[in-house]
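Residues per chain, in single letters:
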Amino acid sequence: FFEAAQNEISVILDFIESNYESEQSASFALGLLVKYIYSCLIDADRLDAYLFDIGEDINSNQKDFDWSHLIYTFETNIKEFKNDNKISKIRSLISEKCKNAAKRETGIYQLSVPTGGGKTLSSLRFALHHAKNKKKNRIIYVIPYLSIIEQTAESIRKILNLKQNKDIILEHHSNIVTPLDDEERGLRKLAASRWDNPIIITTMVQFLETVMSAKGSNLRKFHNMQNSVIIFDEIQSLPVNTIHLFNEVATFLSKILNSTILLCTATQPRIAATKRHNLLLSKNPNLIEDFEKDFQDLKRTKIVPKKEMNIDEFSQFIWEKSQKNNNCLTIVNKKSQARQVYEILKEKNKNNSFKLLHLSTSMCPAHRIETLENIKTLLKEREKVICVSTQLIEAGVDISFDCVVRAMAGLDSIVQAAGRCNRNGGDEAKEKDVYVIPLKAENLERLYDIKNKKEKTAKIINENKGADFLSQEILNEFYKHYYDDRGELMDFPISKTGNTTIYSLLSENEVGRRNYKNRKNVDFSHLIAQAFTSAGENFKVIDNNTTAVVVYFGNVETLLLDYKKADLKNKISILQELQKYSVSLFSYEYEKLLEQGAITELDEEFGIKLLASFYYSNEYGVTTEVDVEKYIPD
């Protein structure tokens, strides 16, 4: 066994050396290899312990998953789609091209599809056929925002007739189980997801924190990414400081672990053209070669920049446009702004002439789905609707308003917002207006990426008056401005001087080698010098630490009662269901609610927190301010 292991490792090391031109990239790949092997070990150990606890044996005779049935179901259902207008015909053509591209070899590809072009199902069609052709183990669908994971999962379940089947699809939200250190023991370690289902739907945060972590509870699912089709939806949302890390991981997954990577978006960022050039795209990377024609054919909106406004003027503008168009979607950059605008519009809408709805990440996933479905129904029935939302509605949400008002943000966000307007081209002869308005005194200091993109976009708009801000030329100019002066951030600096980066810690780790030489007075002689723990501790996709709490919404009370009576196996199943009723709170929100006695421990063993029902509103979601008197009976 030891000799066999030596031979395996020698082959992989030779392969890394011959496939990576950069020494730093080769070192990074070596570190990922260590994590991969550790992942195999830790998962085998945890799985063995879990099966022992529930009295079951490992199924050693498990065969490769047969994709044929899912493909048959998909192809049968897609034939039912109407193909009776220009837009549906373009969507059908894009989908067909993706199916044909499934014959390509394992590699890293890009799929550029305009908003409203049917990207979710087209990419899934590619993935299903490619998985069968190349005998892939699973399909992993990675989504930028927790807010749209449910809609994507619902679309995939529907097209595959998998409404009740939890064995095939796993939705991995932000985990409501509090993670433990690896030295501790407990059921929480056993409950962590393995990602062994054929189809995984998860978030970019989960993906990045898995591969960057040094903890077994996170890393145990890493080895199940091998020999997969991994779709990264809305890749333009990738945080700029993680780009070089992401590029190395994607390249390793493809080159070393035999996975096919698909980067999907309507606004393809230039992440392969960074200073490290460490995303090794396939030779002909575009899944659809003539995609620019699709963008032109699907153009249904135009961007109309307006002068700066304060929040009252902004709200008045929305009210006027709503009355003119009968419906309006408003997107702002912050949850506090969404609530503020909503309250002002509520005053203006005292006679209830409009259905007024609010959307933000203060609402649990089940609440957001219900609200979105309500909006879709109202729009379909031609009711008068105003929706005030944060950016969660921008990407991947299949919804269509006649008017969109967007607070100034990055051009990529504005393009996505425009994709929620005139989506189905009801009036094909006329483009609808998408208004972009800078907000006065907007504090975005905590949202550095949004602030930077907003500034770059404002500059482009000022310098290109009258231009088509949805054109590929303008979008390429935006990304050039945005990325070219931010190269130093892409290695994920972890010190104010920028001398130490997570990229460095996970590749050659020169700082660690120097420190070793200073202490020992000899050079560090080993091949592996990565500072895995330091890198893992310093890596966070979202700067603010968040804590997930279960909230009282929908049928959560029934689930909680079932949970108390359940055995370990059923508890873990209920925990997956409870993810839909959880909200991630920033530390300042969590502390404030804790001080008010609003948070209790539902299960100490699993570390599940429960928010008191008074602190969850059917309008806004989680609220930290409660008028207790209204809950006291007369």
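Residues take numbers from 1 onward in each chain, read along the sequence in its written order. Whole-chain, interface and lining totals are the exception, using all residues; otherwise, since this is a predicted model, local features are given only for residues with pLDDT of at least 70 and side-chain atom pairs are given and counted only at 80 or more. Side-chain metrics rest on all non-hydrogen atoms present in the structure, leaving aside hydrogens and water.

## A word on the overall build of the chain
Link 1 in the chain: Helix and strand assignments come from DSSP, with helices taken as H or I runs of at least 4 residues and strands as E runs of at least 2, each series counted from the N terminus. Per the secondary structure count, the chain includes 23 helices and 18 strands.
Link 2 in the chain: What the globule rule says is 2.2 Å times the number of residues to the power 0.38, and the radius of gyration is computed from C-alpha atoms. Its C-alpha atoms give the chain a radius of gyration of 25 Å, within 12% of the compact-globule value 26 Å for 634 residues.
Link 3 in the chain: In what follows, a contact means two residues having at least one pair of non-hydrogen atoms within 4.5 Å. In the chain, the share of contacts with a sequence separation of at least 24, taken over all contacts with a separation of at least 6, comes to 79%.
Link 4 in the chain: Here the Shrake-Rupley method, with its probe set to 1.4 Å, supplies the accessible areas, and only the displayed protein chains count as covering residues. Carbon and sulfur atoms make up 47% of the accessible area of the chain, which totals about 29,500 Å².
Link 5 in the chain: When charges are counted, Lys and Arg are positive and Asp and Glu negative, with His and the chain ends excluded. Just so you know, the charge point we use is NZ for Lys, CZ for Arg, CG for Asp and CD for Glu. Across the chain, the mean location of the 85 positive side-chain charges is 4 Å away from that of the 88 negative side-chain charges.

## Digging into the sheet that holds strand S10 (residues 385-389)
Link 1 in the chain: For two strands to count as paired, DSSP must find a minimum of two bridges between them. In space, the six strands of this open sheet follow the order S7-S12-S11-S8-S10-S9, with parallel pairing throughout. One side of each edge strand has no neighbouring strand; the edge strands of this open sheet are strand S7 (301-305) and strand S9 (355-359). Between one strand axis and the next, the sheet turns by 15° as a mean value, whatever way the strands run.
Link 2 in the chain: Where S9 lies against S10, five bridges are found, and the strand directions are parallel. By the bridge assignment, leucine 357 is partnered in S10 with cysteine 387.
Link 3 in the chain: Against the sheet, helix H13 (residues 335-348) engages S9 and S10, with an angle of about 170° to S9.
Link 4 in the chain: To get an axis, a line is fitted to the C-alpha atoms, and for a helix only the part in contact is used. The angle between two axes follows their N-to-C directions and goes from 0 to 180 degrees. Contacts between helix H15 (residues 411-418) and the sheet are confined to S7, strand S8 (327-331), strand S11 (404-407) and strand S12 (432-437), with S11 contributing the most and set at about 165° to the helix.

## Structural notes on the sheet that holds strand S5 (residues 228-232)
Link 1 in the chain: Spatially, six strands are ordered S1-S6-S5-S2-S4-S3 in an open sheet, and the strand pairing comes out parallel. Strand pairing shows two members of the sheet lacking a second neighbour, strand S1 (108-112) and strand S3 (169-172), which therefore form its edges. Across the sheet, the mean angle from the axis of one strand to that of its neighbour is 15°, orientation sign disregarded.

## Structural notes on the packing of aromatic side chains
Link 1 in the chain: Aromatic pairs are defined between Phe, Tyr and Trp rings, using the six-membered ring for Trp, whenever the two ring centres lie within 6.5 Å; interplanar angles under 30 degrees are classed as stacked, those over 60 as edge-to-face, and all others as tilted. Under the definition given, this model contains 18 aromatic pairs.
Link 2 in the chain: Summarising the aromatic geometry, the rings of phenylalanine 232 and phenylalanine 246 are spaced 4.9 Å apart at their centres and angled 85° between planes, so their arrangement reads as edge-to-face. With phenylalanine 232 in strand S5 and phenylalanine 246 in helix H10 (residues 243-255), the pair connects residues that are 14 residues apart, well separated along the chain.
Link 3 in the chain: Only protein chains enter the accessibility calculation, which uses a 1.4 Å probe; a residue whose area is less than 20% of its type maximum is buried, one above 50% is exposed, and one in between is partly exposed. A relative accessible area of 1% places phenylalanine 246 in the buried class.
Link 4 in the chain: Connected via pairs of aromatic rings, a cluster forms that spans Phe478, Tyr479, Tyr482 and Tyr483.
Link 5 in the chain: When the NZ atom of lysine or the CZ atom of arginine is within 6 Å of a ring's centre and also within 35 degrees of its normal, the charge is said to sit over that ring. One cation-aromatic arrangement involves arginine 276 over tyrosine 503; the distance from NZ or CZ to the ring centre is 3.9 Å.
Link 6 in the chain: A cation sits over an aromatic face here: lysine 384 above phenylalanine 354, 4.9 Å from the ring centre.

## Focus: the packing of helix H3 (residues 68-78) against helix H5 (residues 119-133)
Link 1 in the chain: In contact at an axis separation of 10 Å, H3 and H5 are set at 145° when each is read in the N-to-C sense. Note that H3 runs across H5; the crossing there is left-handed. The residues of H5 that touch H3, namely those facing Ser68, Leu70, Ile71, Phe74, Glu75 and Ile78, are Leu121, Leu124, Arg125, Leu128, His129 and Lys132.
Link 2 in the chain: Gly falls in the polar group here, along with every residue not listed as nonpolar (Ala, Val, Leu, Ile, Met, Phe, Trp, Tyr, Cys, Pro) or charged (Asp, Glu, Lys, Arg). When the residues that make up the contact of H3 with H5 are grouped by side-chain class, the tally is seven nonpolar, two polar and three charged. Throughout, a crossing is termed right-handed when the near helix is turned clockwise from the far one, and left-handed when it is turned anticlockwise from it by less than a right angle.

## Some remarks on helix H16 (residues 448-463)
Link 1 in the chain: The first and last C-alpha atoms of H16 sit 23 Å apart over 16 residues, in line with the 22 Å expected at 1.5 Å per residue.
Link 2 in the chain: Every buried residue belonging to H16 is among Ile450, Asn452, Lys453, Lys454, Lys456, Thr457, Ile460 and Ile461, and all of these are buried.
Link 3 in the chain: Looking at the buried positions of H16, the neighbouring elements they touch are S7, H15 and helix H17 (472-484). In this analysis, the expected span of each helix is defined as 1.5 Å times one less than the number of residues it contains.

## Side note on the pattern of salt bridges
Link 1 in the chain: A carboxyl oxygen of Asp or Glu within 4 Å of a side-chain nitrogen of Lys or Arg is what we treat as a salt bridge. Tallied over the entire structure, the rule returns 27 salt bridges.
Link 2 in the chain: Between glutamate 577 and lysine 580 there is a salt bridge, with the nearest N and O atoms lying 3.6 Å from each other.
Link 3 in the chain: Given a relative accessible area of 27%, lysine 580 falls into the partly exposed group.
Link 4 in the chain: One connected set of salt bridges, linked through shared partners, spans Asp43, Arg194, Asp196 and Arg220.

## A closer look at the environment of glycine 117
Link 1 in the chain: Within the secondary structure, glycine 117 sits in the loop between S1 and H5.
Link 2 in the chain: Sequence-wise, glycine 117 and alanine 266 are 149 residues apart; in three dimensions their C-alpha atoms are separated by 8.9 Å.
Link 3 in the chain: Ignoring sequence-local partners within four residues, the contact set of glycine 117 consists of Arg91, Ile94, Ser122 and Leu298.

## Thoughts on the side chain of threonine 152
Link 1 in the chain: Relative to the helices and strands, threonine 152 is located in helix H6 (residues 149-159).
Link 2 in the chain: When its relative accessible area of 2% is taken as the criterion, threonine 152 is described as buried.
Link 3 in the chain: Setting aside chain neighbours within four positions, we find threonine 152 in contact with Thr120, Tyr141 and Ile143.

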